[in-house]
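Architecture and fold: a report
Each chain, letter by letter, is given below.
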Amino acid sequence: MLRAKEIIESLPKDVSLVAVTKTRPNEVITKLYDLGIRTMGENRVQELLDKYEQLPKDIHWHLIGHLQRNKVKYIAPFVSMIHSVDSLRLAKEIHKEAIKNDRCIPILLQLKVAKEDSKFGISPKDIDELIPELLNESYTGIQIRGIMGMATLSHDHNQIHEEFKELKKLYDYIKDTYFLDEATFDTLSMGMSSDYSIAIEEGSNMVRIGSALYR
Ligand SMILES: *Cc1c(COP(=O)(O)O)cnc(C)c1O
């Protein structure tokens, strides 16, 4: 827990922290809360719901893990941001449930650049098909705030640098092509405990840090 304070203080002012609280008990999350952290990330819907119920209501909850369409309805009333939007169908479902709740939900498009097969995410080659579709039909229940991505879990720093560089390039491309005049497209979510320093060097402005906070 001592590390949490150190990490918070070491982050540049323009980089925001999502404290990843998955699998951590409420007592531990409360300690982060007492340090002033208000943005927490969870990767499972049921766990997110339980914690939302039990913990202070001024916490901004971010869903960072893969989301099934049939579970969107449970989090739509309160979730602050969904990082893991990886298909048009999921985006449409979030829109639909947001409207039912009179909300507009901030989302990030999860892009896949890592070489591992297991990672979810939109393939960069599909971007120019997906984004115009989302913009054309005026999905007023979602606001595309940026992109999220992960690097391959690797000890090869060069590879991690290259993958984050690629994500930053895609972020800039999407912003310049589709969101030029929109200040609301402003979030590049990349970097976890093992690689957040590299991610920040490559332009991340939102890091999702879990395990390193609890050491
Ligand atoms: C668990 C998780 C993190 C945090 O991982 P740590 O290595 O514990 O920092 C970040 N992003 C996503 C999508 C995760 O599932």
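In the block above lies the structure referred to throughout.
Notes on the structure follow.

The rules we used
Residues numbered from 1 in each chain as written. Predicted model: local features only at pLDDT ≥ 70, side-chain atom pairs only at ≥ 80, totals over all residues. Heavy atoms only, no water. Helix = DSSP H or I, 4+ residues; strand = E, 2+ residues; numbered from the N terminus. Rg over C-alpha atoms; globule rule 2.2 N^0.38 Å. Buried < 20%, exposed > 50% of the residue type's maximum accessible area, 1.4 Å probe, protein only. Contact = heavy atoms within 4.5 Å. Pairing = 2+ DSSP bridges. Right-handed = clockwise from strand over helix to strand, strands pointing away. Near = heavy atom within 4 Å. Polar contact = N/O pair within 3.5 Å; in protein donor to acceptor, adjacent residues only side chain to side chain. Areas by Shrake-Rupley, 256 points an atom, 1.4 Å probe, with all protein chains shown as cover. 1 Å grid on protein atoms, 1.4 Å probe; cavity = no way out; pocket = protein on both sides within 12 Å on 5 of 7 lines; lining within 4 Å. Sits in = over half its atoms within 2 Å of the grid points. Nonpolar A, V, L, I, M, F, W, Y, C, P; charged D, E, K, R; others polar.

The number of helices and strands found in the protein is eight helices and eight strands. Against the 2.2 N^0.38 benchmark of 17 Å for 215 residues, the protein shows a C-alpha radius of gyration of 17 Å, consistent with a compact globule. Taken along the three principal axes of its C-alpha coordinates, the protein extends 45 × 45 × 35 Å. Per-residue burial over the protein gives 49% buried out of 215 residues. Considering only residue pairs separated by 6 or more positions, the protein has 59% of its internal contacts joining residues 24 or more positions apart.

Before going further, it helps to spend a moment on the pairing of strand S6 (residues 142-149). Burial of S6 is extensive: six of the eight residues sit out of reach of the surface. Where strand S5 (residues 105-111) and S6 come together, seven bridges link them in parallel fashion. Note that in S6 the partner of Ile 105 across the bridge is Ile 142. Sheet analysis places S6 next to strand S7 (residues 187-190), joined by four bridges and oriented parallel. In the strand pairing of S7, Gly 149 is matched with Met 190. Assessed by its sense of winding, the connection that carries the chain from S6 through helix H7 (residues 157-178) to S7 is right-handed.

All right, on to the site of the ligand then. In the neighbourhood of the ligand, the contacting residues comprise Val 20, Lys 22, Ile 64, Met 150, Met 192, Ser 193, Arg 208, Ile 209, Gly 210 and Ser 211. Contacts to the ligand include Ser 193, whose side-chain N or O atom sits 2.5 Å from an oxygen atom. The fraction of the free accessible surface of the ligand (390 Å²) that becomes covered by protein chains is 84%. According to the grid-proximity analysis, the pocket containing the ligand is the largest pocket. Here the shell around the ligand is built from residues that sort into five nonpolar, three polar and two charged.

The quantities given are spatial measurements derived from coordinates; they are silent on function.
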